[in-house]
Amino acid sequence: MGVERRVEVPGGVTASFEERILRVTGPKGTLERTMRYPQVEMSCDGAEFVVSTASDRRKITAMCGTFAAHARNMF
């Protein structure tokens, strides 16, 4: 079953996710955060940051929400 969380990248902000590092650049500067956790997949196409897992385990699905919240705060 799994979980998927999507976070929209606001206008005026650029985001990229490479090698488990989320980089966000905006009018106030640049932020970087390493995001990794077993069985959690993440991607960013520039307009949307997606965190997903195929697992139903509560701890893993909670981490999806945590990573989505970190991304929202960085934006």
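Notes on the structure follow. For clarity, every value in this text was computed on a predicted model and none was experimentally measured.

So, the sheet that holds strand 3 (residues 21–26)
1) Next: Taken in spatial order, the 3 strands of this open sheet run 2-3-4, and their pairing is antiparallel. Strands at the two margins of the open sheet, each flanked by one partner only, are strand 2 (14–18) and strand 4 (29–34). In this sheet, neighbouring strand axes are inclined to one another by 15 degrees on average, regardless of whether the strands run parallel or antiparallel.
2) Next: Pairing between strand 2 and strand 3: 5 bridges, direction antiparallel. The partner of S16 across the bridge, within strand 3, is R23.

Things to note about the pattern of salt bridges
1) Next: Scanning the model with the defined rule gives 3 salt bridges in all.
2) Next: E4 is the salt-bridge partner of R6, the closest N and O atoms lying 3.0 Å from each other.
3) Next: Under the relative-accessibility criterion, E4 is labelled partly exposed at 44%.
4) Next: The partner of E32 in a salt bridge is R23, and the shortest N-O contact between them spans 3.0 Å.
5) Next: What makes E32 exposed here is its relative accessible area of 53%.
6) Next: When its relative accessible area of 28% is taken as the criterion, R23 is described as partly exposed.

Here we look at the sheet that holds strand 6 (residues 48–53)
1) Next: One open sheet holds the 3 strands; their spatial order is 1-6-5, and the pairing between them is antiparallel. Of all the strands in the sheet, just strand 1 (3–8) and strand 5 (41–44) have a single pairing partner and so form its edges. If you compare each strand with its neighbour and ignore which way they point, the axes differ by 10 degrees on average.
2) Next: One ladder, built from 6 bridges, connects strand 1 with strand 6; its direction is antiparallel. Across the sheet, E4 pairs through a bridge with S52, a residue of strand 6.
3) Next: The strands touched by helix 1 (residues 58–74) are strand 1, strand 5 and strand 6; relative to strand 6, the strand with the most contacts, the crossing angle is about 170 degrees.

What counts and what doesn't
Residues numbered from 1 in each chain as written. Predicted model: local features only at pLDDT ≥ 70, side-chain atom pairs only at ≥ 80, totals over all residues. Heavy atoms only, no water. Pairing = 2+ DSSP bridges. Helix = DSSP H or I, 4+ residues; strand = E, 2+ residues; numbered from the N terminus. Axes fitted to C-alpha atoms, helices over the stretch in contact; angles between N-to-C directions. Salt bridge = Lys/Arg side-chain N within 4 Å of Asp/Glu carboxyl O. Buried < 20%, exposed > 50% of the residue type's maximum accessible area, 1.4 Å probe, protein only. Contact = heavy atoms within 4.5 Å.

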